Amino acid sequence: MTSSTTPVRVRYAPSPTGIPHIGNIRTALFCWVLARQTGGQFIVRIEDTDRARYDNSAEKAIFESLDWLGLDYDEGPIKGGPHAPYTQSERQQKYVEAALSLVESGHAYFDDTTPEQLDALRERQRAAKQPPRYDGRGRHRSPGEIEESRKAGLPITVRLKVAEFGSVSFQDTVRGKVTFDLKEIDDFVILKSDQMPTYHLAHVLDDHAMGITHVIRGDEWISSTPRHLMIHQAFGIEPPIYVHVPLILGKDRSKLSKRHGATSALEYRDRGFMQDAVFNFISLLGWSPGDDTEIMNRDEIVKRFSIDRINDSPAIFDSEKLEWMNGVYIRNTSKEHLVEAVLPFLERPESEGGLPDSVVRPIDRAYLERVIPLVHERLKLLTEASETLDFFFVDSVNPKAEELPGRNMDAEMTSSALASALELCKTVTPFEPQHLESEYRALAEKMEMKPGQLFSPVRVATTGKVFAPPLFETMAAIGQDRCIERLENAVEILRSGATAP
Ligand code: GLU
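What counts, and at which threshold
Residues numbered from 1 in each chain as written. Predicted model: local features only at pLDDT ≥ 70, side-chain atom pairs only at ≥ 80, totals over all residues. Heavy atoms only, no water. Helix = DSSP H or I, 4+ residues; strand = E, 2+ residues; numbered from the N terminus. Rg over C-alpha atoms; globule rule 2.2 N^0.38 Å. Buried < 20%, exposed > 50% of the residue type's maximum accessible area, 1.4 Å probe, protein only. Contact = heavy atoms within 4.5 Å. Areas by Shrake-Rupley, 256 points an atom, 1.4 Å probe, with all protein chains shown as cover. Lys, Arg positive; Asp, Glu negative; His and termini not counted. Charge placed at Lys NZ, Arg CZ, Asp CG, Glu CD. Near = heavy atom within 4 Å. Polar contact = N/O pair within 3.5 Å; in protein donor to acceptor, adjacent residues only side chain to side chain. Nonpolar A, V, L, I, M, F, W, Y, C, P; charged D, E, K, R; others polar. Pairing = 2+ DSSP bridges. Axes fitted to C-alpha atoms, helices over the stretch in contact; angles between N-to-C directions. Phe/Tyr/Trp six-rings, centres within 6.5 Å; stacked < 30°, edge-to-face > 60°. Lys NZ or Arg CZ within 6 Å of the ring centre and 35° of its normal.

1. Notes on the overall build of the protein chain
Stage number 1. Regarding its fold elements, the protein chain presents 19 helices and 11 strands.
Stage number 2. Here the protein chain has a C-alpha radius of gyration of 32 Å; the compact-globule value for 501 residues is 23 Å, and the former is much larger.
Stage number 3. Each principal axis of the C-alpha distribution contributes one length, and for the protein chain these read about 105 × 50 × 40 Å.
Stage number 4. For the protein chain, buried positions account for 50% of its 501 residues.
Stage number 5. Of the contacts formed within the protein chain by residues at least 6 apart in sequence, a portion of 74% connects residues at least 24 apart.
Stage number 6. On the protein chain, roughly 23800 Å² of surface is accessible, and the fraction owed to carbon and sulfur atoms is 50%.
Stage number 7. Taking the average location of the 60 positive side-chain charges in the protein chain and that of its 76 negative ones, the two points are 5 Å from each other.

Structure follows, in C-alpha cells:
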C-alpha cells in the first residue's frame, strides 16, 4: 500500500526504438501522477543500449510526447540530476564493471557460444519438442578456453547463473503474488559481446543507483521480472516495488494496433485532440478513481490516483470515448484557451487541413476571438476548426445552386427570397444580430414566407454551408460588405444555374 505521504522515486525508462505508443506513455503518466501526489521525483531514463535499433526520431518523439502532455520530469537527460548521466549508452562502463564483478563473485560467467551454435541448439530442441533454452554449456568453459576464443575473435558474452530447480516469487502491487518456476529460465545474457549490457542488467543497476522505489511498467515485463530479481540477488541489493500495469486492448479485445485508431500520443495531438482530454483519457486506462467519475482535471487525478486501484484486467481503448471526452474538454475550455489551441490548426497549410491558402497568415487573432464563440459548442476536434470557420476568413464562398433552396422552395421562390434579402442587406443598419433578425423576420412576413424559408438560402449564400452557426450573428461577423457580395453571387449562381468556376 502506498501512503500518499511517502515520496516515491519513479522512472519512465523508454527504449528509443520507435514512436512511443499510448501504453508506453501511460506508464510515464502514472509515474508522473504518483510522483506529484507524493512530492517525490519523476525520472526519465533513456534505455538506448540496443544500438542497432536506436532511432533518433523516436527519442525526439519521447520528449515531445512528455512535453505535450505536461509530464515534466525532475531528473533526466538534458535536465541532468544527481545520478547523471540518464542515458544508458553513456553509462556503459558501469555495466561492464558490474558484470565483471559478478563473474568475479561466481554469479556469472563468460560464454563463447557462437550464434550459430545457439541456432543449432534451438533447432535440436525444436526437433525434440523441447522448449528453447540455453543449456548452460558456457559454465564448463575454462578461463584458458575463453581467452582463446577471445583471441580468435569469437563473440564473448557474460551470462548469469540461474539455479536449475526451484521457483522465484514476488509480490506485484497489481497482480498480487506471482511465482515463476526456474525451469522456465535459463542462464541469460547480462553483457553482450559488444560490451553493451542487456536491458535486464542495465535497468536493474540504474534503478538501484537512482534510488527508484517503484518500478511501474507494462505487463509485458512481468515474465522478465524473475530475471531481474535474480540480478538483485546476485548483487545483494533490494528490489523495488513492482507495479505491472495491464495491457491495453482495442474495443474488440485484440491487441491495440493501428486498426483501432492512432496509437501514439503525438498522433492524437496532430489529429486535434486537447492535451488535457488525452491526459484524462490515458489516466483511466487501467485505473479508476473507484466511482463513475470520468472527467477529471490533472489536479483531481493527482489527488485521487492510487496504484492500489490499478486494474489487473486489460484496459480497453475506446476511441469514441476519447472523442466524446475531447468534445467535453473543448466545451469546458475558455474562449482564450480555445483560440490558442485552434490557431496552429487553422494556420496549417490548406493541404494539411488548414484554412485555404488564400487566407493571409498569421491569421487575424482578434477576429478569431470574435467568431470562435459561434462554433465553440459544436467543435469536437481542433482539426474541425478550419472547415467550421473557413467562410469567416475567405473573401468569397461558392455554394452550389442546388443547395440554395430551403425546404419546399423552388428555384423561383429562392431567387425572389435572395433578391429581397440582398436589397435588405444593402440598407439595413445597424448591421447587428438582433436588428438583423427582426428585419429579416419582418421581410419574411412581408413576403408571406416562413422565416426558415428565407433564412435557409441566406445562410447558404453567406456561408456556403447548409449547416452553419446562428445566422444573424454569423452575418454580423462576416460584415455587411461581404454579405452583400455573397448574396449577389448567390443570385447570380441561381440565375445562371451554375456555380462560378
Ligand atoms: N526500456 C524498457 C521499455 O522500453 C523499460 C521497461 C521497464 O520499465 O523496465 O519498455
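2. Description of the site of the ligand
Stage number 1. Neighbouring the ligand are the residues Arg11, Ala13, Pro14, Ser15, Glu47, Tyr199, His203, Arg217 and Trp221.
Stage number 2. In this structure, an oxygen atom belonging to the ligand sits 2.7 Å away from a side-chain N or O atom of Arg11.
Stage number 3. Between the ligand and Glu47 there is a distance of 2.7 Å, counted from a nitrogen atom to a side-chain nitrogen or oxygen.
Stage number 4. Relative to its free-state accessible area of 300 Å², the ligand is covered by the protein chains to the extent of 89%.
Stage number 5. Residues belonging to the shell around the ligand are distributed by class as follows: 4 nonpolar, 2 polar and 3 charged.

3. Remarks on the sheet that holds strand 4 (residues 157-160)
Stage number 1. With antiparallel pairing, 3 strands are arranged side by side in an open sheet as 3-4-7. Looking at the sheet topology across the chains shown, the edges are occupied by strand 3 (108-111) and strand 7 (189-191). Neighbour to neighbour, the strand axes of the sheet diverge by 45 degrees on average, direction disregarded.

4. A short note on the packing of aromatic side chains
Stage number 1. What the rule picks out here adds up to 14 aromatic pairs.
Stage number 2. Here the aromatic rings of Phe30 and Phe305 are separated by 5.0 Å at their centres, their planes lie at 55 degrees, and the arrangement is tilted. Taken as a pair, Phe30 in helix 1 (residues 22-38) and Phe305 in the loop between helix 10 (298-304) and strand 11 (315-317) lie far apart in primary sequence, 275 residues in all.
Stage number 3. Centroid distance Tyr199 to Trp221: 4.4 Å. Interplanar angle 45 degrees. Geometry classified as tilted. In this pair, Tyr199 is assigned in helix 6 (residues 199-209) and Trp221 in the loop between strand 8 (214-218) and helix 7 (225-235), connecting sequence segments 22 residues apart.
Stage number 4. Every member of this aromatic cluster is reached through a ring pair, and the members are Tyr268, Phe273, Phe281 and Phe317.
Stage number 5. Of note, Arg298 hangs over the ring of Trp32, and the distance from its end group to the ring centre comes to 5.8 Å.
Stage number 6. Over the ring of Phe279 we find Arg298; its NZ or CZ atom is 4.0 Å from the centre of that ring.

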